[in-house]
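Here's the letter readout for the chains.
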Amino acid sequence: YDACYFGNDESRVTQELVTKCLNVCQPRLCCFDSYKLESSCRATVGEDECELFDLCEQMITDDGGVVKTFIELDLNEFEEDDDSVHESSKQLIEKEVYDACYFGDDESR
């Protein structure tokens with residue numbers, strides 16, 4: 001549990017956390033329907049055993065694979081689904097690039 005827990009604290013999502021979590025979770029990723037790389041083992045190992053590994057489900061990507069980097073985990077868990085948030089972020093980035101790169105007629109910049 002401790003190996004995979006980061007709560008709502010995005011700063012705790014590190015490569016070390018991903019590595020530790022995968023080491024703990026790998027044998028029981030088959031407990032989750034979303035895991036496509038192996039057939040379900042829930043019936044074999046039992047509900048109680050699988051429930052012990054609930055936090056491991058965060059290590060499964062949307063396409064049923066396994067998270068390998070802290071960037072993937074961060075995007076998987078903290079990515080905003082709201083398009084307006086993405087659009088405003090895009091606009092902020094464009095403004096920052098424009099402000100940083102535009103010098104107009106001022107050749108001294």
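Residues numbered from 1 in each chain as written. Predicted model: local features only at pLDDT ≥ 70, side-chain atom pairs only at ≥ 80, totals over all residues. Heavy atoms only, no water.

## With respect to the nonpolar core
Turning to step 1, where the next piece is worked out: Counting 23 residues, the largest nonpolar core has Cys25, Leu29, Cys56, Met59 and Leu73 as the members making the most contacts within it.
Turning to step 2, where the next piece is worked out: It is helix α1 (residues 15–25) that provides the largest number of residues to this core, a total of 5 residues.
Turning to step 3, where the next piece is worked out: If we ignore the near neighbours within four places in the chain, the residues touching leucine 73 are Phe6, Val13, Leu17, Val18, Gln58, Met59 and Val67. (Core = buried A, V, L, I, M, F, W, Y, C linked by side-chain atoms within 4.5 Å. Buried < 20%, exposed > 50% of the residue type's maximum accessible area, 1.4 Å probe, protein only. Helix = DSSP H or I, 4+ residues; strand = E, 2+ residues; numbered from the N terminus. Contact = heavy atoms within 4.5 Å.)

## Focus on a nonpolar patch on the surface
Turning to step 1, where the next piece is worked out: Judged by side-chain polarity, Phe70, Ile71 and Leu75 come together as a nonpolar surface patch covering roughly 270 Å² of accessible area.
Turning to step 2, where the next piece is worked out: If you trace the backbone, leucine 75 turns up in helix α4 (residues 70–78).
Turning to step 3, where the next piece is worked out: Among the residues examined, leucine 75 registers a relative accessible area of 45% and is labelled partly exposed. (Patch = residues over 30% accessible without salt bridge, like charges linked within 9 Å, V, L, I, M, F, W, Y side chains within 5 Å. Areas by Shrake-Rupley, 256 points an atom, 1.4 Å probe, with all protein chains shown as cover. Salt bridge = Lys/Arg side-chain N within 4 Å of Asp/Glu carboxyl O.)

## A look at the state of the cysteines
What makes a disulfide is a covalent bond joining the sulfur atoms belonging to two cysteines.
Turning to step 1, where the next piece is worked out: One pass over the full model with this rule turns up 4 disulfides.
Turning to step 2, where the next piece is worked out: The disulfide partner of cysteine 25 is cysteine 56, and the S-S distance across this bridge is 2.0 Å. Here cysteine 25 and cysteine 56 share a disulfide; its torsion about the S-S bond, -75°, makes the bridge left-handed. With cysteine 25 in helix α1 and cysteine 56 in the loop between α3 (47–51) and α4, this pair connects stretches of sequence that are 31 residues apart. You'll find cysteine 25 and cysteine 56 in the same group, each marked buried.
Turning to step 3, where the next piece is worked out: Taken N- to C-terminal, the disulfide-bonded cysteines of the chain are connected 1-2, 3-8, 4-6, 5-7. (Disulfide = S-S within 2.5 Å.)

## A closer look at the environment of asparagine 23
Turning to step 1, where the next piece is worked out: Structurally, asparagine 23 can be placed in helix α1.
Turning to step 2, where the next piece is worked out: Distance in space between the C-alpha atoms of asparagine 23 and cysteine 4 is 9.9 Å, their sequence separation being 19 residues.

## Thoughts on a negative patch on the surface
Turning to step 1, where the next piece is worked out: Residues Asp33, Asp48, Glu51, Asp54 and Glu57 make up a contiguous surface patch of negative charge.
Turning to step 2, where the next piece is worked out: Relative to the helices and strands, glutamate 51 is located in helix α3. (Lys, Arg positive; Asp, Glu negative; His and termini not counted. Charge placed at Lys NZ, Arg CZ, Asp CG, Glu CD.)

## Section: the side chain of aspartate 74
Turning to step 1, where the next piece is worked out: Mapping aspartate 74 onto the fold places it in helix α4.
Turning to step 2, where the next piece is worked out: For aspartate 74, which is buried and forms no salt bridge, the nearest opposite charge comes from arginine 12, at a distance of 12 Å.
Turning to step 3, where the next piece is worked out: If we skip the residues at most four places from it in the chain, aspartate 74 touches Glu10, Val13 and Glu79.

Structural measurements only, silent on function.
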